[in-house]
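# Summary of the model geometry
Here is what each chain is made of, one letter per residue.
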Amino acid sequence: MSGCPFAGNNYLFSKLSLEDEKDDKSQEGINKASRGGLVYGDYLQLNKILNAQELQSEKKGKKIHDEHLFIVTHQAYELWFKQILWEMDSVRVIFQNGHVRDERNMLKVITRMNRISMIMKLLVEQFSVLETMTALDFFDFRYYLSPASGFQSLQFRLLENKIGVPQSLRVPYNRRHYRDNFKGQDYELLLKSEQEPTLLQLVEAWLERTPGLDAEGFDFWGQFEVNVSKGLEEEFALVQAKPESEEKDDLLSEFQKQKDVLLSLFDEKRHEHLLSKGERRLSYKALKGALMIYFYREEPRFQVPFQLLTSLMDLDVLMTKWRYNHVCMVHRMIGSKAGTGGSSGYQYLRSTVSDRYKVFVDLFNLSTFLVPRHWIPKMNPTIHKFLYTAEYCDSSYFSSEDSD
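Residues numbered from 1 in each chain as written. Predicted model: local features only at pLDDT ≥ 70, side-chain atom pairs only at ≥ 80, totals over all residues. Heavy atoms only, no water.

## Let's talk about the overall build of the chain
Along the backbone of the chain there are 18 helices and 0 strands. Expressed as a percentage of the 404 residues in the chain, the buried residues total 40%. Of the contacts made within the chain by residues no fewer than 6 positions apart, 76% connect residues no fewer than 24 positions apart. (Helix = DSSP H or I, 4+ residues; strand = E, 2+ residues; numbered from the N terminus. Buried < 20%, exposed > 50% of the residue type's maximum accessible area, 1.4 Å probe, protein only. Contact = heavy atoms within 4.5 Å.)

## Looking at a negative patch on the surface
A cluster of like negative charges, contributed by Glu246, Glu247, Asp249 and Asp250, occupies part of the molecular surface. Mapped onto the fold, Glu246 is located in helix 12 (residues 246-264). Overall, the relative accessible area of 64% leaves Glu246 in the exposed class. (Patch = residues over 30% accessible without salt bridge, like charges linked within 9 Å, V, L, I, M, F, W, Y side chains within 5 Å. Areas by Shrake-Rupley, 256 points an atom, 1.4 Å probe, with all protein chains shown as cover. Salt bridge = Lys/Arg side-chain N within 4 Å of Asp/Glu carboxyl O. Lys, Arg positive; Asp, Glu negative; His and termini not counted. Charge placed at Lys NZ, Arg CZ, Asp CG, Glu CD.)

## Overview of the packing of aromatic side chains
For the structure on display, the rule yields 25 aromatic pairs. Pairing Phe220 with Phe224 gives two aromatic rings, centres 5.5 Å apart and planes at 10°, and the pair type is stacked. Of this pair, Phe220 and Phe224 both sit in helix 11 (residues 220-240), 4 residues apart, which is roughly one turn of that helix. On the accessibility criterion, Phe220 (0% relative accessible area) is buried. On the basis of relative accessible area, Phe224 is assigned to the buried category, the value being 0%. Between Phe236 and Phe255, the aromatic rings sit 5.5 Å apart at their centres with planes inclined by 35°, giving tilted as the arrangement. Within this pair, whereas Phe236 is found in helix 11, its partner Phe255 is found in helix 12, the two being separated by 19 residues in sequence. Phe236 sits in the partly exposed class, given a relative accessible area of 35%. Arg297 extends its terminal NZ or CZ atom over the ring of Tyr294, reaching a point 5.2 Å from the ring centre. Here the basic side chain of Lys358 rests over the ring of Phe364, its NZ or CZ set 4.6 Å away from the ring centre. (Phe/Tyr/Trp six-rings, centres within 6.5 Å; stacked < 30°, edge-to-face > 60°. Lys NZ or Arg CZ within 6 Å of the ring centre and 35° of its normal.)

## Observations concerning the pattern of salt bridges
Overall, the coordinates contain 17 salt bridges when judged by the stated rule. A salt bridge links Lys162 to Glu196, with the shortest nitrogen-to-oxygen separation between them at 3.8 Å. Separated by 34 residues along the polypeptide, Lys162 in helix 8 (residues 154-163) and Glu196 in the loop between helix 9 (184-195) and helix 10 (199-208) bring together distant segments of the chain. With relative accessibility at 10%, the residue Lys162 sits in the buried group. Among the ionic pairs, Lys358 bridges to Asp355, the shortest N-O distance being 3.4 Å. With relative accessibility at 17%, the residue Lys358 sits in the buried group. Each of Asp89, Arg92, Lys162 and Glu196 takes part in one network of salt bridges that share partners.

## Points about the packing of helix 11 against helix 14 (residues 284-295)
Axis separation between helix 11 and helix 14 bottoms out at 11 Å; the angle between their running directions is 70°. In terms of their interaxial angle, helix 11 and helix 14 are classed as roughly perpendicular. Note on element contacts: helix 14 touches helix 11 through Tyr284, Lys288, Leu291, Met292 and Phe295, opposite Phe220, Trp221 and Phe224. (Axes fitted to C-alpha atoms, helices over the stretch in contact; angles between N-to-C directions. Parallel < 35°, antiparallel > 145°, perpendicular 65-115°, else oblique.)

## Structural notes on the nonpolar core
Residues Phe95, Trp206 and Phe224 are the most contacted members of the largest nonpolar core, which totals 95 residues. Ranked by the residues each element gives to this core, the list is headed by helix 15 (residues 300-334), at 15 residues. Ignoring sequence-local partners within four residues, the contact set of Phe224 consists of Leu265, Phe266, Leu291, Phe295, Val371, Trp375 and Pro377. (Core = buried A, V, L, I, M, F, W, Y, C linked by side-chain atoms within 4.5 Å.)

## Re the environment of Phe95
Tracing the backbone through its elements, the reader meets Phe95 in helix 5 (residues 67-96). What makes Phe95 buried here is its relative accessible area of 7%. As for Phe95 and Pro197, which are separated by 102 residues in sequence, their C-alpha atoms are 9.8 Å apart. Setting aside chain neighbours within four positions, we find Phe95 in contact with Val100, Val109, Leu199, Leu202, Val203, Trp206 and Leu308.

In structure tokens:
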């Protein structure tokens, strides 16, 4: 027998459906939208967003399919940049107002910094969508884009400034200051962002207040210097005790390198010299605070600060990855041609993938000064109590104002 096995009078679908509807809990809601008021499309302003893709190729009478992808991808980048700036500004306000002294707000800062990192991870991966377009596909409409250029992204330049990219270390754009490529209100916004406290400066001031640095308290730095000197003497004695050999010569050479590196840490004048050259970014006292947090990260008092330092390094890493992916994509799409905005294109972008754009480079370099754990000054119960109460001696730390 052929045909539908459910044909006939034995299967009354309509009747069953009607009976089931009476007991269907999934249909017991109320359609509030039918009463009028705010709806999804209006709330998100979708009419503006979804009609903001104006293909230049179509305006010129030759619509190129992949230009739509190019526009949507870059618009998505700009929307995410806007969210990053929103989070970044809120973090800076918490620091500026002193609310960071409240541990509850420190957790808020870390949450928002982690959110920025999650968005940046998304933006790093988003290049793979754009790379589904071939170089020839891009070539079909690239001519219509000139003189527009990704360098003209106001929000990305603002982000660099607010994080703390040093103006003195920026790569010139066609031998001109980057701000010269912007006019009017955009120029003023960039100038204002350069004059505001950067995230780097705010974190620096926070690190300088690390409890335990002052000589009258724990005096971490003084004790650490003594322990390092003692530890180096012990290591030298061990190497010297070995019989003369090529291996001993190698060990002595390595020891001298290690000694020079560790003792340079206590040379404040050398630090200031490196700071003037742009090779270091944090003040000497802030560097001490960062290293103290790094060493005592397992102490409950320093766990949250350590998470913040980690999130700052994550941001730097992701910004570098974003730049690198951008360079690779541009190289793939246009080779060694000039950029649509007039730059050298790939050559210019490649020059921006360096430590000069890494804002928290000092935090990465803390690993240079790792020492055996027994060299790190020990904390007795009195010191523990001091660390847990030192920061709260200032009544302003008890501010109950909401940081937002």
